[in-house]
Amino acid sequence: MIRITSALRTFSYKFPFNSTKFASAIAFNMEKAYLRRSPNGENFDLTFELPLNENSSRPFNFSRRLNETVESFLSRVKTNIEKIVNKKRKKAPIGDLQPVSAALLINKSPVAESQTCEEIFRQGESVELVINNKTFSVIINSPWVTVLELPTSILATFPTYPSKFETLFASLNLSEFVWFKSKDNVHWDEVARNYIYVPSNEDVGYFLKFSCTPKNEHTIGPTIETVSTCKVEASPGECPFERRQIFTQNRVKGNEFRVVSYNILANLYCDSDYTREVLFPYCPPYALSIDYRKQLFMKEIIGYNADLICLQEVDSRIYKCDLEPTLSHLGYKSTFYTKGTEVTEGQAFFYNEVRFILLDSQKVTFSQEIASNPLFAEIWEKVKENEKLSERILARSTILQVNIVGSLECNEVLVIANTHLYFHPDADHIRLLHGCIAIKYLEDVVRQLRKRYDGKRVSLIFCGDFNSVPTCGIYQLYTTGSIPGNLVDYSSSPEERIENINMTQPFQLGSACGTPEFTNFTASFADCLDYIYYDKSSLTVSQVVPMPSKEELTQHTAIPSIVSPSDHIALVSDLKWS
């Protein structure tokens, strides 16, 4: 499948480095051959475009071993080219079939064919490949796009960007990106030069084309472009989060910083008949599609202009293809951890790299820590007395994400914790035990940090979907500092009842957004489950972004909906050091 145009050649093949197949238009520099050494140090790919006659040319791609001799490599090059050339001349007399010559040069001198490709193809060497009378400069470890696709759903006024984008040897902040639009897929008008493009209402009904010229500090790779399979569609109208963003149009500065905590509803739990027919039957199936929903939550997250973002229920693919690459272009760095088993969703943390630096990041799997960490020995001694309880708590995949950041503007260190606690109707005791483990672990982290960073103030912020209403023990423990051992939460499952775990914690924590009536709102359940706990001894709340009204949440029965991407509501608060 080779379509030749005046400037670009479209072809499809597999790269051995990631075995991803794609078809896109690539514009080659006809004087260059592009070589990529594999990360494992064993293989290489070499790609060039060879003129076949005055009117046509053909791209060639060779995947070879670096320990192969130059003689063997050049023999393969000649054989493959001769097959193509002679196939085009198969009706010619035998005497007219011309052999192909191939040679490698370093500094204009032929290399010894007994040498290995490893010895020749080294960064910094001036290598040339000569095919017949055509000379190519070999660009070693050239920037290269290996995967490029556009989304299958594009909405006007919502950010769009490649749904799949992978490169080798490229620096994204140096690479060049161009967007075009077309009514007929023939005549294209340039509309933007950026990795992210927000189509306007005037773009409705147009196809989009995305072009990338990968670059690094040393050289430029071939330009690749791809065209959307769908046209830009009209937006669903104003979303509730857009009204909230009136309060976040500007970034905060000075001794203030903005925090977001948001369960974005993992596609893992959303893409099923049960979800569509039982959990969210009021939401149109297309609006439950991740390709639709991610446009909404990406616009929402970006528009909050936050400094610290804690997300729950983040699919691995969404982190890799959407959140991380897109937010990195907007000045965020991040960490991401999946849950403790083979679950492909977890927690992500993003921080504004202009204002903060990451000092450390940890993943704590509760089921592993409770039985092995001396910090929890007292809790584990009581838990293991109940076989059913210990089996259940050891089977959970719940994690705690702990990120330590330092302010680049003042003498402050923040411990940013992020979790998503286990949900089951009879699991109040499991959540409370996890909450106890989490706060004890964070107490130890803060204690160690205060020793390590003597002279700096260390404060705690604990975000997450705690699946616990304000009357539950977790809220009481975190906001008052203690809970009794006979708390009703410990008896939520009669067979797994546990007693005499009197817990205290040393932090003076408050809920930055208070206890809203709803942070989760579906047709069958609505209550406050999400919190941003903050250290009141060193931080104060300067702004809480108002939550959507009940009228907004019921506009389409409940959430998620065509204007709300999740069944949870993002918490947004501005904090400041006191």
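Each chain carries its own residue numbering, running from 1 in the direction its sequence is written. In view of the model being predicted, local features appear only for residues whose pLDDT reaches at least 70, and side-chain atom pairs are presented and counted only at 80 or more, with totals across whole chains, interfaces and linings using the full set of residues. The side-chain figures draw on all heavy atoms in the structure; neither hydrogens nor water molecules are used.

Draft legend 1. Highlighting the overall build of the chain. Strands here mean DSSP runs of E at least two residues long; helices mean DSSP runs of H or I at least four residues long; both are numbered from the N terminus. A tally of regular secondary structure across the chain gives 14 helices and 32 strands. Taken along the three principal axes of its C-alpha coordinates, the chain extends 95 × 55 × 50 Å. Working definition: with a 1.4 Å probe on protein chains only, accessible area under 20% of the residue-type maximum means buried, over 50% means exposed, and in between means partly exposed. Taken over 578 residues, the chain has a buried fraction of 56%. Contacts: residue pairs with any heavy atoms within 4.5 Å of one another. Across the chain, contacts joining residues at least 24 apart in sequence account for 68% of those joining residues at least 6 apart. Every accessible area reported is derived by Shrake-Rupley at a probe size of 1.4 Å, with residue values counting cover from the shown protein chains alone. Only carbon and sulfur atoms are counted for the fraction: they give 48% of the accessible area of the chain, which is about 24,600 Å².

Draft legend 2. Expanded view of unusual backbone geometry. Cis peptide bonds are those with omega within 30 degrees of zero, and the linkage from Ile-559 to Pro-560 qualifies with 5°. Residue placement: Pro-560 occurs in the loop between α14 (550-553) and β32 (571-577). Although it is not a glycine, Leu-265 adopts a positive phi angle of roughly 65°. Residue position: Leu-265 is located in the loop between β17 (256-263) and α4 (267-270). The buried category is assigned to Leu-265, whose relative accessible area is 4%.

Draft legend 3. Just helix α8 (residues 316-328), in detail. Fitting axes to the seven residues that end at a residue and to the seven that start at it, the angle between those axes gives the bend at that residue. At Asp-322, α8 shows its strongest bend, of approximately 25°, with the proline Pro-325 following within four residues. For α8, every residue scored as buried is listed here: Ile-318, Tyr-319, Cys-321, Asp-322, Leu-323, Pro-325, Thr-326 and Leu-327.

Draft legend 4. Representation of the packing of aromatic side chains in the model. Stacked, tilted and edge-to-face are the three classes assigned to paired rings of Phe, Tyr and Trp, where Trp is represented by its six-membered ring and a pair needs centres within 6.5 Å; plane angles under 30 degrees give stacked, over 60 edge-to-face, the rest tilted. Enumeration over the complete set of coordinates arrives at 32 aromatic pairs. Geometrically, the ring pair formed by Phe-44 and Phe-121 is tilted, given 5.3 Å between the ring centres and 55° between the ring planes. Taken together, the residues span a long stretch of sequence, with Phe-44 in strand β5 (residues 43-51) and Phe-121 in the loop between α2 (117-120) and β9 (127-131) at a distance of 77 residues. Note on accessibility: Phe-44 and Phe-121 belong to one class, buried. Judged by centre distance (5.6 Å) and plane angle (35°), the ring pair of Phe-462 and Tyr-478 falls under tilted.

Draft legend 5. A look at the packing of helix α7 (residues 290-303) against α8. Orientation is described by lines fitted to C-alpha atoms, with helices fitted over the stretch in contact, and by angles between N-to-C directions that extend from 0 to 180 degrees. As a packed pair, α7 and α8 sit with axes 12 Å apart at the nearest point and diverge in direction by 35°. Once α7 is placed against α8, the crossing between them reads as right-handed. Taken together, the residues of α8 that come into contact with α7 (itself represented by Ile-290, Lys-294, Phe-297, Met-298, Ile-301 and Ile-302) are Arg-317, Ile-318, Asp-322, Leu-323, Thr-326 and Leu-327. Residue polarity follows a fixed list, in which Ala, Val, Leu, Ile, Met, Phe, Trp, Tyr, Cys and Pro are nonpolar, Asp, Glu, Lys and Arg are charged, and the others, Gly among them, are polar. Here the contact of α7 with α8 is composed, by residue class, of eight nonpolar, one polar and three charged. Should the near helix be turned anticlockwise from the far one by less than a right angle, the crossing is termed left-handed; should it be turned clockwise, right-handed.

Draft legend 6. Fine view of the environment of Leu-539. Structurally, Leu-539 can be placed in strand β31 (residues 539-544). Owing to a relative accessible area of 1%, Leu-539 belongs among the buried residues under this scheme. Sequence-wise, Leu-539 and Tyr-262 are 277 residues apart; in three dimensions their C-alpha atoms are separated by 21 Å.

Draft legend 7. The arrangement of helix α13 (residues 473-480) in detail. Residues of α13 that are buried: Gly-473, Ile-474, Tyr-475, Leu-477 and Tyr-478. Turning to α13, the residues buried within the fold contact α12 (428-452), β24 (457-465), β25 (482-483), β26 (503-504), β27 (509-511) and β30 (530-535). Backbone geometry just after α13 places Gly-481 at a positive phi near 100°.

Draft legend 8. Structural view of the side chain of Glu-345. Topologically, Glu-345 is positioned in strand β20 (residues 345-352). Discounting chain neighbours no more than four positions away, the residues touching Glu-345 are Ala-266, Leu-268, Tyr-269, Glu-313, Val-314, Asp-315, Ser-316, Thr-338 and Lys-339.

Draft legend 9. Main features of the sheet that holds strand β8 (residues 109-110). Criterion used throughout: strands pair if DSSP finds at least two bridges between them. Taken in spatial order, the seven strands line up as β6-β5-β4-β10-β9-β7-β8 in an open sheet, and their pairing is mixed. Every other strand in the sheet has two partners, leaving β6 (57-65) and β8 as the edge strands with one partner each. Pairing of β5 with β6 involves nine bridges; the strand directions are antiparallel. Its bridge partner lying in β6, Glu-49 is registered against Pro-59.

Draft legend 10. Structural context of the environment of Trp-188. Mapped onto the elements, Trp-188 comes out in the loop between β13 (176-182) and β14 (189-192). You can call Trp-188 buried: its relative accessible area is 19%. Through-space distance from the C-alpha of Trp-188 to that of Arg-76 is 40 Å; in sequence the pair is 112 residues apart. Excluding residues within four positions of it along the chain, Trp-188 makes contact with Phe-180, Lys-181, Ser-182, Phe-207, Leu-208, Lys-209 and Val-227.

Draft legend 11. Structural view of the packing of α12 against α13. Following both chains from N to C, one finds α12 and α13 inclined at 25°, their axes separated by 9 Å at the closest point. As summarised for this structure, α12 and α13 are arranged roughly parallel, according to the angle between their axes. Every residue of α13 that contacts α12 at Arg-431, Leu-432, Gly-435, Cys-436, Ala-438 and Ile-439 is listed here: Gly-473, Ile-474, Leu-477 and Tyr-478. Class assignment for the residues of the contact of α12 with α13 results in seven nonpolar, two polar and one charged. Our angle categories are set so that under 35 degrees counts as roughly parallel, over 145 as roughly antiparallel, 65 to 115 as roughly perpendicular, and the remainder as oblique.

Draft legend 12. Representation of a nonpolar patch on the surface in the model. A cluster of nonpolar side chains, contributed by Tyr-274, Val-278 and Leu-279, occupies part of the molecular surface with about 290 Å² of accessible area. Classification of Leu-279 as partly exposed rests on a relative accessible area of 34%. Candidates for patches are residues over 30% relative accessible area with no salt bridge; among them, like charges are joined within 9 Å and nonpolar side chains (Val, Leu, Ile, Met, Phe, Trp, Tyr) within 5 Å. The term salt bridge refers to a side-chain nitrogen of Lys or Arg lying within 4 Å of a carboxyl oxygen of Asp or Glu.

Draft legend 13. Layout of the side chain of Thr-335. If you trace the backbone, Thr-335 turns up in strand β19 (residues 332-338). By relative accessible area, Thr-335 is classed as buried at 10%. Polar contact is defined as a pair of N or O atoms within 3.5 Å, subject to the rule that within protein one atom must be able to donate a hydrogen and the other to accept it, and that residues adjacent in sequence are counted only when both atoms are side-chain atoms. Side chain to side chain, Thr-335 and Asn-403 meet in a polar contact 2.8 Å long. Beyond its immediate sequence surroundings of up to four residues, Thr-335 is in contact with Tyr-319, Gln-347, Ala-348, Phe-349, Leu-358, Ser-361, Gln-401 and Asn-403.

Function cannot be inferred from these measures alone, as they are strictly geometric.
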